[in-house]
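# Results of the structural survey
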Amino acid sequence: MTDQHFSQLFAPHARETLIFTPTPLHRADNLSADLGIELWLKRDDLTGPGVFGGNKMRKLEFLIGEAKAEKKDIVITYGASQSNHAMQTAAACARCGLKCILYLVALVPPNPMAPRGNILLDILFGAEIHLISLEPGETEEDGYQKCYAQAEAQIRRLEAEGHSCLNIPVGGASTVGSMGYAAGYLEMREQLAQMSHPPFDAMYLATGSSGTLAGILAGRAIAGGEESLQAVCAGTKGGIYESAAAELANEVLLRLGQHARVGEKDFTVHREYVGPGYEVPYPA
């Protein structure tokens, strides 16, 4: 496959240039020697335009592209209080002149008098922030349900006032957003080809909302990749997680006009490293 093929694949879809590509594909020489394997890092922490917030800008290129193509003026999304996705959405909106509204579940309640981390950056990027508290006995999912209900009511009010809103799910895990990681996987394959390096035996990635995982699954199916795909959960996930990720990957393939399909047996999800929960620090 060639760069020209990749550009043709994504050309029909609205896309806003937000990131620095290709991100480096870096061989970890010392760790490779220590572990007796060949270990490479795809440095998507360097997608930019800032140095914080992880990898979410790949998805936001397509999501913000959709917002601009559909002449939206407000973008709404969700996350935990220190969500990387929420912060990067606020950054993308600030860059592109869109109003950003964030509904954040206070899994670890922030100090409103001394905002830190991504909450501070959300404020600096001008986002409108709604912090949703959890009552005793409520789960993270309960918090998100409250977020969705309040956001839906606000969207109705805003659209009655003449605004047009793009409602982005947690983590940008939608068909449009996950196209960013189909593109990311294909970018990596092109880098390997340019180095005359064979495909990897295995790929490991963190997975939360499953948007990155679904995009990589779709990209691997497009390229005919055969590497083992190992997804490590960043939070507690129920038993339908694998089927939901495969379904989202297949939606991406359909949107890109591809006939390949993936299933639950095409990847492995690891739930054993979560600890007490998402965003909850603990000694280990």
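Everything below is about the structure shown above.
For clarity, every value in this text was computed on a predicted model and none was experimentally measured. (Residues numbered from 1 in each chain as written. Predicted model: local features only at pLDDT ≥ 70, side-chain atom pairs only at ≥ 80, totals over all residues. Heavy atoms only, no water.)

### Observations concerning the nonpolar core
Among the nonpolar cores identified, the biggest contains 61 residues, and Phe10 and Ile64 are the most heavily contacted of them. For this core, the element with the highest residue contribution is helix H7 (residues 175-194), accounting for nine residues. Here Ile64 is in contact with Glu16, Leu18, Val75, Ala92, Cys93, Cys96 and Leu98, once residues within four sequence places are set aside. Residues Ile74, Ile76, Leu158 and Cys165 belong to the second largest nonpolar core, which totals 14 residues. (Core = buried A, V, L, I, M, F, W, Y, C linked by side-chain atoms within 4.5 Å. Buried < 20%, exposed > 50% of the residue type's maximum accessible area, 1.4 Å probe, protein only. Helix = DSSP H or I, 4+ residues; strand = E, 2+ residues; numbered from the N terminus. Contact = heavy atoms within 4.5 Å.)

### Describing the state of the cysteines
Summed over the entire model, instances satisfying the criterion amount to zero disulfides. In this structure Cys147 is not part of a disulfide, and its nearest cysteine sulfur, from Cys100, lies 13 Å away. With relative accessibility at 0%, the residue Cys147 sits in the buried group. As a non-bridged cysteine, Cys165 has Cys93 as the owner of its nearest cysteine sulfur, 11 Å distant. (Disulfide = S-S within 2.5 Å.)

### Re the sheet that holds strand S8 (residues 228-233)
Taken together, three strands build an open sheet; the order of strands is S7-S8-S9 and the sheet is parallel. The sheet is open, and its two edges are formed by strand S7 (202-207) and strand S9 (268-270), each paired on a single side. Neighbour-to-neighbour, the strand axes of the sheet open up by a mean angle of 25 degrees, direction not taken into account. As paired strands, S7 and S8 are joined by six bridges and run parallel to one another. Its bridge partner lying in S8, Met203 is registered against Leu229. Along the sheet, helix H8 (residues 211-223) contacts S7 and S8; its crossing angle with S8, the most-contacted strand, is approximately 175 degrees. (Pairing = 2+ DSSP bridges. Axes fitted to C-alpha atoms, helices over the stretch in contact; angles between N-to-C directions.)

### What about helix H3 (residues 57-69)?
Quick reminder: α-helices carry 3.6 residues per turn. Residues three or four places apart thus point the same way. With 13 residues, H3 extends 18 Å between its outermost C-alpha atoms, agreeing within 8% with the 18 Å of an ideal straight helix rising 1.5 Å per residue. Of all the 13 residues making up H3, 11 are buried; the element is thus mostly covered by neighbouring parts of the structure. Where H3 is concerned, the buried positions are Met57, Arg58, Lys59, Leu60, Glu61, Phe62, Leu63, Ile64, Gly65, Glu66 and Ala67. Just beyond H3, the residue with positive phi is Lys71, at close to 60 degrees. (Expected span 1.5 Å × (residues − 1).)

### Notes on the packing of H8 against helix H9 (residues 241-255)
Following both chains from N to C, one finds H8 and H9 inclined at 55 degrees, their axes separated by 8 Å at the closest point. Classified by the angle their axes make, H8 and H9 are oblique. Handedness of the H8/H9 crossing: right-handed. Of the residues in H9, those touching H8 at Gly211, Leu213, Ala214, Leu217, Ala218, Ala221 and Ile222 are Ala245, Leu248, Ala249, Val252 and Leu253. Of the residues that constitute the contact of H8 with H9, the class distribution is 11 nonpolar, one polar and no charged. (Parallel < 35°, antiparallel > 145°, perpendicular 65-115°, else oblique. Left-handed = near helix turned anticlockwise from the far one by under 90°. Nonpolar A, V, L, I, M, F, W, Y, C, P; charged D, E, K, R; others polar.)

Read these as geometric descriptors, not functional statements.
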